[in-house]
Amino acid sequence: MSVDASIDKRGATSSAAAAGEVLSFRSAGKTFADGTEAVRDVSFSLRQGEFLAIVGPSGCGKSTLLRMASGLSPETSGQVDRSVRNIGFVFQDATLLPWRTVQGNVELLAELDGLKRSRREALAAEAIRLVGLEGFEKHYPKTLSGGMRMRVSVARALTTKPPLFLLDEPFGALDEITRGALNEELIRLYASEGFAAIFVTHSISEAVYLSSRVLVMTPRPGRIVAEVTVPFDYPRSPELRFDPRFSSVAGEVSQALRQGYE
Amino acid sequence: MTSGSVTPTVIEPAELTLDSRPRRQGRLKRLLIVLGPPLVTLGVFVGIAYLVSYVILSPDRRWLLPPPHDVVKNGLLNGQHLHDQLNALWDTAQVSLAGLAIAFVIGAATALAMSQAKWVERSLYPYAVIVQVTPILAIVPLIATWFGYDFTARVVVCVLISVFPIITNTLHGLLTVDTQLHDLFKLHGAGRIKRMLKLQIPHAIPDVFVGLRVSAGLSVIGAIVGEFFFRQGTPGLGRLLDLYRAYLQTDLMMSTLLFCCALGIASFLAVGLIGRQLTKDWYEEDNR
């Protein structure tokens, strides 16, 4: 029963997106009201359960691209199609509500979606367990470290069991060590939950480590200039980062980024 | 060399006592640092008062600045006078508290309306500024004409004088919510009302208290100032001051003034304390 339900939720396709795709951009662009062109002529599609990374320098329109993907910021040219409505958005900052405890924060989305209290609590408990924050339910965000706050933020997104995750440089503000640990956790969650994801970052190694495909963006206006396939199987282990094949893929991305500037 | 290995065991207990002593001394020192300078200032002013009262003023003109102990003796230790002043204090406290409560309701409601649409803010804000900059004494006669000369009129003065900081601070709190959080709420279908209730209002609470703290002091001022014009109903501190002035009882005027200050300070501290208690789990203490 539960398997059927989840398939139904994730597989719900609209006529616009092709079967098996959760998201597609077709020559999509975004020009703001003040005339600034943030994103130009972007085309790509995302299959169910695929992990896509977008790499680009700061201010290249990556965040705008994610807002377009989520529907928060409608495209001004071309077309963006989504076959799913339930999207897990993880922002640059943990964006927790300081007046709610960890439990209250993780329950927020289920609450906004109008779920019953018992269901909310069950979903929150599961999500808190998945990110390894048991025992911190009653803590306020103020008392948590940056890494733990980010885990709460991820747990909050997990409660709705979204088939599509949009992650906007979620670990950018964290130190290298915490960032590495959270990368491991994300890989683990991805392997167990099987969502599709777009992960925006300006770290090449983070992008290569997490994704199976890297899109390279250049700024002003943001365009996709290269696509690099990452051939490694999941689940991935931290040792992969020191594999020569990893370096060669990272080098390819790096080169594409540099070419984008020329 | 050998003493070197012995010393630690010898010194340890001494270190323990040394360790606890600086801490106690530290606390005393801090207290002295906090309370010392204002107490010295107070001493200097009391000294100047005595100097003026006994050296500069001749005995027949001493009533102009009575020596501080006369203020304490006649104003605070005389049963009848103390009774009068405490009654007046209670009356003024009621007026200013009622004024503050109403200013809070009106101010918060105005800020909520302004936060919902730019045009509401544009239509109301200039008038909020006008209310703020108009000298309160200039409107008092008009308020008397409309609301009479007792409790209601006095409360209206308090509201007018204390509403502005509540409006501006609440509005600031409502409008400075992270756009990412608005996005998150929108993604889950939360409309304006839901976002206002679950996001903007809780986010604005610390700012509301910043405004309330300023307004609490202003409301006390309004309650006392208004009384110089409104002379019906039970007398408050303002009317008592005016009464003592009429009889040239400078010592009682001064003791009443102390009560005015105490009421202002108490309101300010009380509002601050409530605000801190409410939000202490949410944010780090502001440390200067």
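Residues numbered from 1 in each chain as written. Chains lettered and ligands numbered in written order. Predicted model: local features only at pLDDT ≥ 70, side-chain atom pairs only at ≥ 80, totals over all residues.

**Some details on the interface of chain B and chain A**
Applied cut-off: We call two residues in contact if the C-beta atoms placed from their backbones are at most 7 Å apart. The secondary structure listing takes helices from DSSP runs of H or I that are at least 4 residues long and strands from runs of E that are at least 2 residues long, numbered from the N terminus.
Contact residues are listed per partner, giving 16 residues for chain B and 15 residues for chain A. It is helix H7 (residues 179-187) of chain B that contributes the most residues to the side of chain B that touches chain A, 7 residues altogether.

**Notes on the packing of helix H8 (residues 192-227) of chain B against helix H9 (residues 237-246) of chain B**
Residues and elements named next belong to chain B. Put simply, the test is: To get an axis, fit a line to the C-alpha atoms, keeping to the stretch in contact for a helix; angles then go from 0 to 180 degrees between the N-to-C directions. Roughly parallel means an angle under 35 degrees; roughly antiparallel means over 145; roughly perpendicular covers 65 to 115; every other angle is labelled oblique. Crossing handedness is defined as follows: a turn of the near helix away from the far one that is anticlockwise and smaller than a right angle gives a left-handed crossing, while the clockwise case is right-handed. Residues were grouped as follows: Ala, Val, Leu, Ile, Met, Phe, Trp, Tyr, Cys and Pro as nonpolar; Asp, Glu, Lys and Arg as charged; and all remaining residues, including Gly, as polar.
Running from amino to carboxyl end, H8 crosses H9 at an angle of 45 degrees, the nearest separation of the two axes being 6 Å. Here H9 runs oblique to H8, going by the angle between their axes. The handedness of the crossing between H8 and H9 is right-handed. Taking contact as the criterion, the partners of Ile224, Val225, Gly226 and Glu227 in H8 are, on H9, Leu237, Gly238 and Arg239. A class-by-class count of the residues in the contact of H8 with H9 yields 3 nonpolar, 2 polar and 2 charged.

**What about the sheet that holds strand S1 (residues 21-31) of chain A?**
All names here are of chain A. This is how the line gets drawn: Any two strands with at least two DSSP-identified bridges between them are counted as paired.
As summarised here, the arrangement of the 3 strands in space is S2-S1-S4, forming an open sheet in which the pairing is antiparallel. Looking at strand neighbours, the two that pair on one side only are strand S2 (37-47) and strand S4 (77-82), the edges of this open sheet. Between one strand axis and the next, the sheet turns by 15 degrees as a mean value, whatever way the strands run. By the bridge criterion, 5 bridges tie S1 to S4 in an arrangement that is antiparallel. Pairing of Ser24 across the sheet is with Asp81, part of S4.

**Topic: the domain arrangement of chain A**
Residue and element names in this part refer to chain A. Basically, it comes down to this: Segment limits for the domains were obtained from an automatic or database-derived domain assignment.
For chain A, the assigned domains read domain 1 (2-86 + 162-261) and domain 2 (97-160). Taking only C-alpha atoms into account, the centre of domain 1 sits 24 Å from that of domain 2. Across the contact, 11 residues belong to domain 1 and 7 residues belong to domain 2. Counting residues per element, the side of domain 1 that touches domain 2 draws most heavily on helix H6 (residues 176-193), at 4 residues. Residue composition of the side of domain 1 that touches domain 2, by class: 8 nonpolar, 2 polar and 1 charged.

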